[in-house]
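Topology and contacts: notes
Each chain is listed here by its residues.
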Amino acid sequence: MAFDIDMIKGVYTKMAERVDIARDIVGKPLTLSEKILYSHLWDGKPTKALVRGKDYVDFAPDRIACQDATAQMALLQFMQAGKSKVAVPTTVHCDHLIQAKEGAAKDLIHANNVSSEVFNFLESVSNKYGIGFWKPGAGIIHQVVLENYAFPGGMMIGTDSHTVNAGGLGMVAIGVGGADAVDVMAGMAWELKFPKLIGVKLTGKLSGWTAPKDVILKVAEILTVKGGTGAIVEYFGPGATSMSCTGKGTICNMGAEIGATTSTFGYDESMERYLRSTDRADVADAANAIKDYLTADAEVYENPENYFDQVIEINLSELGPLLNGPFTPDLSTTVGKEMSEKAKANDWPLAVEWGLIGSCTNSSYEDLSRASSVAQQALDKGLKMKAELGINPGSEQVRYTAERDGILDVFEKLDAKIFTNACGPCIGQWARYSDPKNAPKNSIVHSFNRNFAKRADGNPNTHAFVASPELTAAIAISGRLDFNPLTDKLINEKGEEVMFDEPTGWELPPKGFEVQDNGYLAPEEDGSSVQVNVAEDSERLQLLTPFEPIGNTITGAKLLIKALGKCTTDHISMAGPWLRFRGHLDNIANNTFIGAVNAFNEKTNFVKNQLTGEYGGVPDAQREYKKAGVKTVVVGDHNYGEGSSREHAAMQPRHLGVAAVIVKSFARIHETNLKKQGMLGLTFANENDYDLIQEDDTFNFLDLNEFAPGKQLTIEVVHADGSKDIVKANHTYNEAQIEWFNAGSALNLIKLQNA
Ligand code: F3S
C-alpha cells in the first residue's frame, strides 16, 4: 500500500553505480548529500563535477507529496497535462484545512462540512490519476511521509516548505512550488541549483531536559533565519547517531527556518529501528545492503572542513533547553534566569496562557511520550495546570498508539484539548479568539517551527516561543515563561514545594505501532472512469482552461503597473484571507498586484486605467484591458517575484491577460514560473531604462517573431506625447522554454506532445 520496495531497490542499484562514478569525477570523497544528488541526475550517470552554488541541474525525484492547500492548484494544473497517471509516486494529505477549536471529534466534522468540496475534489483527482490520498484526520503530511514513504538515500519534493522533515530518515527532501511538482508529476525533470553544503558535527549526547529540538534551536541561533540559504545541512557525528529517527526529523524539519534547501542525516541504527517499527523491514534490509552509500565517505566526517563549505560543531552534552522567540525562530534564550531578564527588558508577558504540542515538527510517539512523562508528574505531585494545553498528534497511527498506551489519557486528566491529527494552530487554524486583531498581549509556548506574528492565532500581540514538547509541557504546567524545570520548584495543591524529575519516554512504542483506520485511500488501478466534479458555481474551485498562446505580435500593449521597489510573490498574489481561493484562479485573481506599490503615486492597488483615464484597483483595470482585448505589460524593479515559489503569482497575471513582465532582475523561481505559464519574463538590458517608463506608455515588441535563445528583444515604448524610446530586453529562455511560450504554457506543450 504505502511504499514501493521495488522502486526503492531500483534507486539503490542506481546509487551504487552512480556514486562510484561521481567520486571518480569529483576526485575526492563524497558527502551524503552529494551521493544522493549525483545518483538522482535526470540525465543518468554523472558526467562532470557540478559546481556548488552555481550549476543549475536537472534531477529526477523519487516521490512527491502535496498538502491540501497547495495541492488544489497543482492538481488542477496536472489535469491540463493530458496524462492518465502521475509519472512519479505521489500522495496528497489533508491537514491544513482543519481548524482547532473544540477537540478532534467536533473539529473534524466541522472541517468536513466547511471544506468538503475541496476534500472531495482532491480525493477524486487522486483516485483518477494514481495518487495516494490521505483523508482529513489521517495526519500531518510530514509525519505521515516519515512513517510511510521516506527512505534513506531517496530524493523527494513536496509542495510544502517542511517537506525537508524527511531528512530525518536520510532523504534529500525539498519543498517546492506547485508548478515544479506538476512538472515532475507529468514526467519532466526538476531543476535545482546545485546546493552548497553545511556540515554540522554533533558530539556528546542529549540527556535530561535537552531534546533534538534544542539542537535545531541552537543551529538557528548560530546560522540565523538566512544562514542556510542555498545549502543542504548535513548532520553527522556521535551525537547524530545517538538520536532517534523522529528526533532527526525534528532537526531537519526546522532547517526550513534557517532557509536551508534541506537537511539530512546518514543512515544509522535509529533509522533501521524506525523503518522496522513502521512495518518497513524490507526497506531496512535493502538499506543495510548498501549502507556505505547511505552515509558520507569516512574521510569526509574525519576532516569535514575539507568537504563542506561551512562546518559547525555542537556538543550535545553541553546543550541546555532553549526557548526561541518571540516572532522569529532564531532568537534563542536559555530557560530560567536569562529568559527572566530578557522578558523583563523586552516587556514579553511572563505569564504563559497556552502550551501547544504538535505540528509536523514535534508530534511523534517519542515527543508525546516524553511530554506525557512531564504531565504525569503534575498528576503525581499534585500540581494544577497554570496554562491551557493543546495536543495535535502527528498521525492517526501515533494517536491510536498513544491512546492505547495511556499517553493521551494523561494529558486529558490535565484537561488538555486533544485536537485533530492535523496542522491546526500551526497554520493559524486555531479558533482561539472571535476578534484576533484586537486580542490582548500574551505569551504562548509551542513545539512548532514557525512563530511569526499572527501565525498561530491571528493575534499580533501573541508572543509565541518555540520549545521542545517536554519543555512546553513543563512551562504550561508552571504557567511561567521563565520557569526552569532543572532548578525551579513549584507549589502543589497541598502547599508543598515540588520539582520535576527529568522527562522520560520511548523512542518507539514498546508494544509496537497500531492503528485501526490510518486514513489512507489507495487510488484505482485504472482511474479512466473516475469523474472529477467541480461545481460550476463553486467559490473555491475552478477547472482550468488552457491558456491561449500570447503570440509573436505584441503591439499597442498598455502599462498595467510599474512596481516600485520590493515586489514579492506576496505583493503579486497576497496570502491571508485569499488562501481560501487557491483552487479558483478567477476568484484569487482579484488580488493580483494589490500589494505592489505603483511607482507613479507610491500607492498600492491604485493605477491609471489608460482606456478610461481613471484611477482604481489593479485587477479592475486589468479586467477592463482584457475585456477590450488589450495586452498589458508589467514593469518591476530588482529581484522581482522573490518570496515563495507560489505559482499563482505567475498564473494570475497570465489569466488576466498580462503578456510581459519587464524588470531590472528576477527571483529565479518566479522567472521560471512565468516561462511555464507561457508569458514573457524579460530584464532591461540597461537597468536605467526602468526610469524611461511612464504612466501612459504603450509597448510595441518589434522583433518577437525572431524570439531565440540568447537574442535580445527590442521594444518600442511610445509615450503619451508621441515621443518614443527603444528599450533592449534580455531573456534567459532556452529552446524548450520558447516552445512553452509558443504553445501557451509548458503544460499545453506536454499535452500536445502526448496527443
Ligand atoms: Fe502543517 Fe505547520 Fe507543518 S502548517 S505542515 S504543521 S509547519
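Residues numbered from 1 in each chain as written. Predicted model: local features only at pLDDT ≥ 70, side-chain atom pairs only at ≥ 80, totals over all residues.

On to the overall build of the protein, then. Secondary structure assignment for the protein yields 25 helices and 30 strands. Here the C-alpha radius of gyration of the protein, 26 Å, is about what a compact globule of 755 residues would show, namely 27 Å. Over its C-alpha atoms, taken along the principal directions, the protein stretches across nearly 85 × 60 × 55 Å. Residues classed as buried in the protein amount to 57% of the 755 residues present. (Helix = DSSP H or I, 4+ residues; strand = E, 2+ residues; numbered from the N terminus. Rg over C-alpha atoms; globule rule 2.2 N^0.38 Å. Buried ≥ 20, exposed ≤ 12 C-beta atoms within 10 Å, placed from the backbone.)

With domains assigned, the protein is organised as domain 1 (5-318), domain 2 (330-498) and domain 3 (557-754). Taking the mean C-alpha position of each, domain 2 and domain 3 sit 45 Å from one another. (Domains from an automatic or database assignment.)

On to the sheet that holds strand β8 (residues 196-203). Read across the sheet, 4 strands follow the order β10-β9-β8-β11 without closing on themselves; strand pairing throughout is parallel. Unpaired on one side and paired on the other, β10 (262-265) and β11 (310-315) mark the two borders of the sheet. Averaged over all adjacent pairs, the angle separating strand axes in this sheet is 20°, with direction ignored. Relative to strand β9 (residues 231-236), β8 runs parallel, the two sharing 6 bridges. Each bridged residue has a counterpart across the sheet, and for I198 the counterpart in β9 is V233. Its contacts with the sheet place helix α8 (residues 212-223) against β8 and β11, and it is angled at close to 135° to β11. (Pairing = 2+ DSSP bridges. Axes fitted to C-alpha atoms, helices over the stretch in contact; angles between N-to-C directions. Contact = placed C-beta atoms within 7 Å.)

Right, let's talk about unusual backbone geometry for a bit. With omega at 0°, the peptide bond leading from G325 into P326 counts as cis. Inspection of the secondary structure puts P326 in the loop between β12 (322-324) and β13 (332-334). The backbone of E602 sits at a positive phi, close to 55°, despite the residue not being glycine. With respect to the helices, strands and loops of the structure, E602 is situated in the loop between α20 (585-588) and β23 (607-608). Judged by the 10 C-beta atoms lying within 10 Å of it, E602 falls in the exposed class. Unusually for a residue other than glycine, N639 sits at a positive phi of about 55°. Tracing the sequence through the fold places N639 in the loop between β25 (632-636) and α22 (648-656).

Turning to the environment of A628, a few remarks are in order. Within the secondary structure, A628 sits in the loop between α21 (618-627) and β25. Distance in space between the C-alpha atoms of A628 and L611 is 8.9 Å, their sequence separation being 17 residues.

Take the UniProt feature "domain: Aconitase A/isopropylmalate dehydratase small subunit swivel" (unreviewed entry) in the protein next. According to UniProt, the "domain: Aconitase A/isopropylmalate dehydratase small subunit swivel" (unreviewed entry) feature falls on residues 558-687. The span residues 558-687 shows a helical share of 28% and a strand share of 19%, and its end C-alpha atoms are spaced 20 Å apart. (UniProt positions renumbered as here; feature names shortened; annotations may be inferred.)

A word on the site of the ligand. Around the ligand sit 13 residues in total, of which S359, C360, C423, C426 and I427 are the nearest. Looking at the shell around the ligand residue by residue, the classes come out as 6 nonpolar, 5 polar and 2 charged. (Near = placed C-beta within 6 Å. Nonpolar A, V, L, I, M, F, W, Y, C, P; charged D, E, K, R; others polar.)

Right, let's get into the nonpolar core. L122 and V633 are the most contacted members of the largest nonpolar core, which has 229 residues in total. With 7 residues, the single largest contributor to this core is helix α3 (residues 68-78). In contact with V633, not counting residues within four places along its chain, are A557, L559, L560, A659, A660, I662 and F699. (Core = buried A, V, L, I, M, F, W, Y, C linked by C-beta atoms within 7 Å.)

Right, let's talk about the pairing of β9 for a bit. For a regular strand, side chains alternate in direction, first toward one face of the sheet and then toward the other. When you tally the buried positions in β9, you get 6 out of 6 residues, the bulk of the element. Covered by surrounding structure in β9 are A231, V233 and Y235 together with I232, E234 and F236, the residues of both alternating faces. Chirality of the crossover, the property in question, places the unit of β8, α8 and β9 among those that are right-handed. Direction of pairing for β9 relative to β10: parallel, over a ladder of 4 bridges. Opposite V233, over in β10, you have S263 as the bridge partner. (Right-handed = clockwise from strand over helix to strand, strands pointing away.)

What follows deals with helix α11 (residues 269-277). Among all positions in α11, only S270, M271, E272, Y274 and L275 are buried. Lining the buried residues of α11 we find α9 (238-241), α10 (245-253) and α12 (281-289).

It is worth spelling out the pairing of strand β27 (residues 680-684) at this point. With 4 of its 5 residues buried, β27 lies for the most part within the structure. Inspection of the sheet shows strand β26 (residues 658-663) paired to β27 by 4 bridges, in the parallel sense. Bridged to I662 within β27 is L682. Viewed along the sheet, the connection from β26 through helix α23 (residues 668-676) into β27 turns out right-handed. Sheet analysis places β27 next to strand β30 (residues 724-730), joined by 2 bridges and oriented antiparallel. Within β30, the position partnered with T683 by the bridge is N730.

Of all the 8 residues making up helix α7 (residues 178-185), 8 are buried; the element is thus mostly covered by neighbouring parts of the structure. Every buried residue belonging to α7 is among G178, A179, D180, A181, V182, D183, V184 and M185, and all of these are buried. Close packing links the buried residues of α7 with β2 (63-67), α3, β3 (90-93), β5 (155-158), β7 (190-193) and α23. G187 occupies a position one or two residues after α7 and carries a positive phi of about 95°.

On to the sheet that holds β26. Strands pair in a sheet through their backbones, by hydrogen bonds, and they do so in one of two ways: parallel or antiparallel. Spatially, β22-β25-β26-β27-β30-β29-β28 is the arrangement adopted by the 7 strands of the closed barrel, whose pairing is mixed. Across the sheet, the mean angle separating the axes of adjacent strands is 40° when strand polarity is ignored. As judged from the 5 bridges shared by β25 and β26, these two strands associate in the parallel manner. Within β26, the residue paired with V635 across the bridge is I662.

Topologically, N605 is positioned in the loop between α20 and β23. On the neighbour-count criterion, N605 (20 C-beta atoms within 10 Å) is buried. Distance in space between the C-alpha atoms of N605 and A621 is 10.0 Å, their sequence separation being 16 residues.

A few words on the packing of α8 against α10. Between α8 and α10, whose axes approach to 8 Å, the crossing angle comes to 20°. On the basis of the axis angle, α8 is roughly parallel to α10. In the packing of α8 onto α10, the handedness of the crossing is right-handed. Facing α8, whose interface residues are P212, K213, V215 and I216, α10 presents G247, K248, T250 and I251. (Parallel < 35°, antiparallel > 145°, perpendicular 65-115°, else oblique. Left-handed = near helix turned anticlockwise from the far one by under 90°.)

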